[in-house]
Protein chains: 2
Amino acid sequence: MTGYGIFSTPGTAPRTGVQVNGQILDLAAATGDPVHATGSLNAFLAQGPAGWAALRERIAHLDGPMISPAEVTMHLPAEIADYVDFYSSRHHAENIGRIFRPGSPPLTPNWTHLPIGYHGRAGTVRVSGTPVVRPKGQRKPPEAAPTFGPSLRLDIEAEVGFVVGVPSALGESVPVSAFAEHVFGVCLINDWSARDLQAWEYVPLGPFLGKSFLTSMSPWIVPLADLEAARVRPPARDEPLLPYLDDADHPWGLDLAMEVRLNGELISTPPFAGMYWSAAQQLAHLTVNGAALRTGDLFASGTVSGPERDQRGSLIELSWNGADPLKLADGSTRTFLEDGDVVTISATAPGAGGTRISFGEVTGRIEPAT
Amino acid sequence: MTGYGIFSTPGTAPRTGVQVNGQILDLAAATGDPVHATGSLNAFLAQGPAGWAALRERIAHLDGPMISPAEVTMHLPAEIADYVDFYSSRHHAENIGRIFRPGSPPLTPNWTHLPIGYHGRAGTVRVSGTPVVRPKGQRKPPEAAPTFGPSLRLDIEAEVGFVVGVPSALGESVPVSAFAEHVFGVCLINDWSARDLQAWEYVPLGPFLGKSFLTSMSPWIVPLADLEAARVRPPARDEPLLPYLDDADHPWGLDLAMEVRLNGELISTPPFAGMYWSAAQQLAHLTVNGAALRTGDLFASGTVSGPERDQRGSLIELSWNGADPLKLADGSTRTFLEDGDVVTISATAPGAGGTRISFGEVTGRIEPAT
């Protein structure tokens, strides 16, 4: 038993399913509970840890319709409330710093003190498989006026997402210790990025159109409750942590092995275990000012990159901003994405008893600009 | 007839009302239409211009319960989908540039080419009157490590908000000419800002916790259809506009006269007519990359500041970042907000036949940090 998602078969309405032994158990039919017939996980997510645990216990004894994954269409698993994207891989942040600010320290001074993040566009978070229409916008050539047209530097960001079930009140802060009381589970995210649009727009208020055209989400959400064997201690931190970020007693590093494929070819294996800031710290930071959580809030890790070249989670890093193109098996090279390219991100993690849990995949095909 | 909002009286459920001659017409009771009994404007907003016009026509002939504003509680008028905040007052952007980057050009190079914006937190947009609990977070003293505690530089941002009714599809761009086919109406926004949190966190990905603790929204949304007499041509632009931002044939400047009061004392009168980028240009920019709109999307102008000192829409400008405190009528001074302070933003605009339309107000009282 691993992920929960929303599926349909031809002629039937989207409903909740859970993965059991490679098949999909139809929870709407098996339980008769209308909470699983809404076409979204939100009502179930809002039940909180007691409800999540009760269903988990019950599933082992349910005798319901099992459906082959080949027969289903998967839908966006949750109605996304707010979407926040963090920037918590040190290797990624250093690579970006070296590319854009050569000669300066690769990390901004705040980076080791807080998990930097920003709000993205919740309304354009879509399920895996949604076509990636190349976005248009302003691009600024050096020493010339900006021009308008399709992005010429379309990129991926291989990320891990966390889905909030239990809301918090305005003014309330969620401590690191309460992470699993609010967050239901984990998914994969591709935060598609138009680097040329982003480079021109993002000073001083951050990324906007360079990101907001599409964020793809894997259809299955793996419960935190299934990930106990994957928990690891995050790497040592450079700076003493302020108390609200101290996670010594609540380490929420997760040993996900990620794989990024371009047109089927493995181009990167980002190691999630090395992330500097954990999701529990991200949630504590997100709410420390009193910002409320809602059921369906999604927050993502930021691009996951490891120390090695073949562990980088974006093309801007893999091709060093185009200066060192990625060599593909067919002899061609790639700097940024071309129309027709298909990018697929997948991941596995240690499960109970030496098994491995699959997170499935998040995939998308680049379509030409309209 | 002006604004639409959601109201309740003691013991009754929130429902839609419209302002008629200083009273509130109960649209749920007067029309019997369940769309007005949902406790949110969203279903009505989604009807689009034909539905909006039909109701407007009908209201003149409706004979329903009229309720005194003194008897009602107002609620958040719409479920906010995505919230975007722009930065479209040239005077504001120049003031901020002069304060934070002395010796450099006050505007970043992109400012005159595109309406800079970013996504805010939709889940913490609340109705006027919601207490403003002083947020906590990291503050970085010069030459010292960051500390944690209540914001010491809590500020306002006097803004105008635009509420989307009609969605757009992923991949679709909404041209300047289609502004009124998607946007229903206009409200007032106070985008509360913790300047010390913001200053430490915002490089390189923009504002996050410095803004996400609360954004206050006025309870009444004035339809664009009532604002024809308020339309003005925006100021001349410095740079030629890319075609998708060309608004020569669709000027959507709006001559709102705003007033900002601190504890009842008028401290600023920001003129909205002088905004460099119009809401129609903001919407065209927001969607030019194919980002979809949803019913309930809210986008705000950014702080409205005029050229004069007493036309600045934030305390960081009014007190020049604390260097030149604001002198109040009681002899006291103010740099940033103190606990107990009440800030109220109101506005009026020219209406049909020489009348003036009121936008009501957005207000909030600062409560101590918890």
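Residues numbered from 1 in each chain as written. Chains lettered and ligands numbered in written order. Predicted model: local features only at pLDDT ≥ 70, side-chain atom pairs only at ≥ 80, totals over all residues. Heavy atoms only, no water.

*Asks:* Before we go on, may I ask you to explain the domain arrangement of chain A in this structure?
*Replies:* It is common to give the size of an interface as the accessible area lost on bringing the parts into contact. Residues and elements named next belong to chain A. What the domain assignment reports for chain A is domain 1 (4-75) and domain 2 (83-367). Computed over C-alpha atoms only, the centres of domain 1 and domain 2 are separated by 27 Å. Domain 1 puts 18 residues into the contact, and the matching count from domain 2 is 18 residues. Together, the buried faces of domain 1 and domain 2 total about 1,400 Å²; carbon and sulfur atoms form 71% of this surface. Taken together, the links from domain 1 to domain 2 amount to 1 salt bridge. Between Arg56 and Asp226 there is a salt bridge; the shortest N-O distance is 2.5 Å. Put simply, domain 1 and domain 2 have 3 residue pairs in polar contact (both at pLDDT 80 or more) between them. Those elements that provide at least two residues to the side of domain 1 that touches domain 2 are β1 (4-8), β2 (15-20), α2 (42-45), α3 (48-59) and β5 (73-75). Classifying every residue of the side of domain 1 that touches domain 2 by side-chain character gives 11 nonpolar, 6 polar and 1 charged. (Domains from an automatic or database assignment. Contact = heavy atoms within 4.5 Å. Buried area = accessible area lost by both parts, 1.4 Å probe. Salt bridge = Lys/Arg side-chain N within 4 Å of Asp/Glu carboxyl O. Polar contact = N/O pair within 3.5 Å; in protein donor to acceptor, adjacent residues only side chain to side chain. Helix = DSSP H or I, 4+ residues; strand = E, 2+ residues; numbered from the N terminus. Nonpolar A, V, L, I, M, F, W, Y, C, P; charged D, E, K, R; others polar.)

*Asks:* What is the right way to look at the sheet that holds strand β20 (residues 257-262) of chain A in this model?
*Replies:* Strands belonging to one sheet form pairs held by backbone hydrogen bonds; the direction of such a pair is parallel or antiparallel. Residue and element names in this part refer to chain A. Spatially, β9-β26-β25-β20-β21 is the arrangement adopted by the 5 strands of the open sheet, whose pairing is mixed. Since the sheet does not close on itself, it has two edges, and those belong to β9 (132-133) and β21 (265-268), each with one partner. Pairing between β9 and strand β26 (residues 356-367): 2 bridges, direction parallel. Bridging from a neighbouring strand, Val133 pairs with Glu367 of β26. (Pairing = 2+ DSSP bridges.)

*Asks:* When you look at the packing of aromatic side chains in this model, what are you seeing that I'm missing?
*Replies:* How two aromatic rings sit relative to each other is given by the distance of their centres and the angle of their planes. If you walk through the whole model with that rule in mind, you get 26 aromatic pairs over all chains. Seen from their ring centres, Tyr4(B) and Phe184(B) are 5.5 Å apart, and the 80° between their planes marks the pair as edge-to-face. Placement of the pair is Tyr4(B) in strand β1 (residues 4-8) and Phe184(B) in strand β14 (residues 183-190), with a sequence separation of 180 residues. Per residue, the accessibility class of Tyr4(B) equals that of Phe184(B), and both read buried. Considering the side-chain rings of Trp111(B) and Tyr276(B), the 5.1 Å spacing of their centres and the 55° angle between planes classify their relative orientation as tilted. Remark: Tyr276(B) occurs in the loop between β21 (265-268) and α7 (279-287) and Trp111(B) occurs in the loop between α4 (90-100) and β7 (117-120); sequence separation between them is 165 residues. With relative accessibility at 1%, the residue Trp111(B) sits in the buried group. Taken together, Phe86(A), Phe162(A), Phe179(A), Trp252(A), Phe272(A), Phe299(A) and Phe208(B) form an aromatic cluster joined through their ring pairs. The residue whose ring lies beneath Lys140(A) is Trp200(A), and the NZ or CZ to ring-centre distance is 5.8 Å. The ring of Tyr276(B) carries the charged tip of Arg237(B) above its face, separated from the ring centre by 5.9 Å. (Phe/Tyr/Trp six-rings, centres within 6.5 Å; stacked < 30°, edge-to-face > 60°. Buried < 20%, exposed > 50% of the residue type's maximum accessible area, 1.4 Å probe, protein only. Lys NZ or Arg CZ within 6 Å of the ring centre and 35° of its normal.)

*Asks:* Whenever I open this one, the relation of the copies chain A and chain B confuses me. Can you help?
*Replies:* Overlaying chain A with chain B gives an RMSD of 0.0 Å, the required rotation being 180° about an axis along which the chain moves by 0.0 Å. Put plainly, the chains are arranged around a two-fold axis. It is Gly206(A) whose C-alpha, among those of chain A, lies nearest the rotation axis, at 2.0 Å. Here 98% of the interface residues in chain A have copies in chain B that are interface residues too; the copies meet face to matching face. (Least-squares fit on C-alpha atoms with pLDDT ≥ 70 in both.)

*Asks:* Where do I start with the sheet that holds strand β25 (residues 342-350) of chain B in this structure?
*Replies:* Residues and elements named next belong to chain B. Taken in spatial order, the 5 strands line up as β9-β26-β25-β20-β21 in an open sheet, and their pairing is mixed. Both edges of this open sheet fall to β9 (132-133) and β21, since each of them pairs with a single strand only. Bridge analysis of strand β20 (residues 257-262) against β21 gives 3 bridges, and the strand direction is antiparallel. Its bridge partner being in β21, Leu262 is matched across the sheet by Glu265.

*Asks:* Sorry if this is basic, but what is going on with helix α4 (residues 90-100) of chain A here?
*Replies:* Since the α-helix turns once every 3.6 residues, residues separated by three or four places project in the same direction. Within the sequence span of α4(A), burial applies to His92(A), Ala93(A), Glu94(A), Asn95(A), Ile96(A), Gly97(A) and Ile99(A). Here the buried face of α4(A) lies against α9 (315-318) of chain A.

*Asks:* Would you take a moment to explain the environment of Asn42(B) for this structure?
*Replies:* Residues and elements named next belong to chain B. You can see Asn42 is positioned in helix α2 (residues 42-45). Residue classification places Asn42 among the buried residues on the basis of a relative accessible area of 12%. C-alpha of Asn42 to C-alpha of Ile24: the two residues are 18 residues apart in sequence and 19 Å apart in space. Once residues lying within four places of it in the same chain are set aside, the contact partners of Asn42 are Ala78, Glu79, Thr295 and Gly296.

*Asks:* Just checking my understanding: could you explain the interface of chain A and chain B for this structure?
*Replies:* Taken together, the contact between chain A and chain B spans 56 residues of the former and 55 residues of the latter. The junction of chain A with chain B conceals about 5,200 Å² of combined surface from both sides, 63% of it contributed by carbon and sulfur atoms. Interface area lost by chain A to chain B is led by Arg121(A), Leu205(A) and Phe208(A), which between them contribute 16%. Connecting chain A to chain B are 2 salt bridges. A salt bridge links Arg121(A) to Asp297(B), with the nearest nitrogen and oxygen atoms 2.9 Å apart. Counting only elements with at least two residues in the side of chain A that touches chain B, the list comes to β6 (83-86), β7 (117-120), β10 (136-139), β11 (147-150), α6 (195-201), α7 (209-212) and α8 (279-287) of chain A. Top element by residues in the side of chain A that touches chain B is β7(A). It accounts for 4 residues.

*Asks:* Please explain unusual backbone geometry as it appears in this structure.
*Replies:* A cis amide bond links Val203(A) with the next residue in sequence, Pro204(A), at an omega value of 10°. Summarising the element assignment, Pro204(A) is placed in the loop between α6 and α7. One non-glycine residue with positive phi stands out, namely Asn263(A), at about 50°. With respect to the element layout, Asn263(A) can be found in the loop between β20 and β21. The class of Asn263(A) is partly exposed, set by a relative accessible area of 42%. Positioned with a positive phi, Glu143(B) is a non-glycine residue whose angle comes to about 60°. Looking at the secondary structure, you find Glu143(B) in the loop between β10 (136-139) and β11 (147-150). What makes Glu143(B) exposed here is its relative accessible area of 81%.

*Asks:* How should I be thinking about the side chain of Thr344(B) in this particular structure?
*Replies:* Here Thr344(B) is to be found in strand β25. A distance of 2.8 Å separates the side chain of Thr344(B) from the side chain of Thr363(B), its partner in a polar contact.

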